[in-house]
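An overview of the molecular structure
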Amino acid sequence: MSDTERVALAFSGGLDTTVCVPLLEEEYGYDEVIGVTVDVGQPEAEFAEAEETAEALDLEHYVVDAKAEFAELCFDAVRANASYQGYPLGTALARPVIATSILEVAKEQGCTGLAHGSTGKGNDQLRFEAVWRDSDLEVIAPVRELGLTREFEQSYAEERDLPIEGGDEGKYSIDTNLWSRSVEGSELEEPSYVPPEGIYEWTNAPTADTLEIEVGFENGYPVSLDPGEQSSQSNRNATRSDADSDMEPVELIEELNDLAGGYGVGRSDIMEDRMLGLKVRENYEHPAATVLLNAHAALEDLVLTKEERAFKKQVDHEWSEKGYQGLVNAPLVSALEGFIAETQTRVTGSVTIRFEGGQARPVGRSSPYAVYSAEAASFNTEDITGSIEQSDATGVAKYHGFQERLANRVINQNKE
Ligand code: ARG
């Protein structure tokens, strides 16, 4: 190997990562920078922008397709009903996947350093570095370490004639992947500011149109979509006429984002507590995630016992916290997934979801594992519960509330 020092940069072609290229050479003494863009389902335009900018910078550029792997992680998140304060974790789950892919390219290309363009305020720096600091490569965050502001980056780029015009970044900071699209910054930061319709790209404003679809699950994993029939005024066409089973995760998510987004499903506007303690206003779009999470929860409600449901809430909460932190490889997560896997062996069946008024509401569910017996509920015939009869409940009813009645009597006696 030569003694040329190479550094791999997480590269998007946006302003932050573009200014990082000369900075890594000038301020950090690297001889060569390579840019790595990891595909986790960003829109085509972002790759075109990255490609163009890389060319203009004369940057050696690699694109890695990690969509399938990312989609699998999103489906693990569905099994864990994963959500952080109402956010289904798109960016958070993508970061470890991206970081791992970049580390692999860096090693293949003989790099001794890894760099990202994150600032010192967000979560992404922590998620990237949680993966990278497990290697012996140097980890560099120029924007954070040199305390750069956006104004500085803009004038620095102009001075050096860096290619930034190609990127139409607008005033918002946007992060898009298969699972969610986040929009933050500028006047959206003010919690009282009501976002204009224009910030949304994946979702229409909800209308009076409704649609019922069926989502199929096997072992807690979404496996099929049946777009069903649409019930109203408009001439919107469902994109598919019959059930499509065993769809690939990427395809299923993409199709559902389109379909549900058309009905205004999956918008959220939340106050998010970041890892470093900042409370930040965030806007997200995540139609597929909303549908799959709602459908999955509805199926669990049918097949799990009351106590499994209650305990799983805690398990799901812990999974979501680690997901938000970008620590899905933690031993705790494997342990939680042991419990999750055990419960999901029964989460097989299908759920009817109605898109209505921007909501994705479960309106029907069925499963061979349903903990439901029509006979038991109606007391008509003998059934799996054996020979229980209505009158057997008399004893239970006599006991019910016994301790409370006694306690109240004692309290009252002591008042006298
Ligand atoms: N607040 C979200 C998160 O921490 C989204 C962050 C979006 N990232 C970005 N670089 N714009 O996961």
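Residues numbered from 1 in each chain as written. Predicted model: local features only at pLDDT ≥ 70, side-chain atom pairs only at ≥ 80, totals over all residues. Heavy atoms only, no water.

On to the sheet that holds strand β3 (residues 60–65), then. Strand order in the open sheet made by the five strands is β3-β2-β1-β4-β5, with parallel pairing throughout. The open sheet has two free edges, formed respectively by β3 and β5 (138–140), since each of these has just one partner strand. Adjacent strand axes in the sheet meet at a mean angle of 25°, parallel and antiparallel pairs treated alike. Where strand β2 (residues 32–39) meets β3, six bridges bridge the pair, whose relative direction is parallel. (Pairing = 2+ DSSP bridges. Helix = DSSP H or I, 4+ residues; strand = E, 2+ residues; numbered from the N terminus. Axes fitted to C-alpha atoms, helices over the stretch in contact; angles between N-to-C directions.)

Turning our eyes to something else, we now look at the sheet that holds strand β8 (residues 211–218). Pairing in this open sheet of four strands is antiparallel, and the strands run β9-β8-β12-β13 from one edge to the other. Both outer strands of the open sheet, β9 (221–226) and β13 (359–366), are each paired with one neighbouring strand and no more. Across the sheet, the axes of successive neighbouring strands diverge by a mean angle of 30°, strand direction being ignored. Examined bridge by bridge, β8 and β9 share five bridges and lie antiparallel to one another. Across the sheet, the residue bridging to E214 is D226, located in β9. Packing against the sheet, helix α8 (residues 249–261) makes contact with β8, β9 and β12 (349–356), and its axis sits at approximately 50° to β9. (Contact = heavy atoms within 4.5 Å.)

We now examine the site of the ligand. Residues in close proximity to the ligand total 15 residues, the closest being Y87, N123, R127, E272 and E282. A distance of 3.1 Å separates a nitrogen atom of the ligand from a polar atom in the side chain of S173. The contact in question runs from a nitrogen atom of the ligand to an N or O atom on the side chain of E272, over 2.7 Å. Protein burial of the ligand: of its 350 Å² of free accessible surface, 88% is covered by the chains. Of all elements in the fold, only α4 (90–108), α5 (124–132), β6 (173–176), β7 (181–184) and β11 (279–285) reach the threshold of two or more residues within the shell around the ligand. The element contributing the most residues to the shell around the ligand is α4, with three residues. (Near = heavy atom within 4 Å. Polar contact = N/O pair within 3.5 Å; in protein donor to acceptor, adjacent residues only side chain to side chain. Areas by Shrake-Rupley, 256 points an atom, 1.4 Å probe, with all protein chains shown as cover.)

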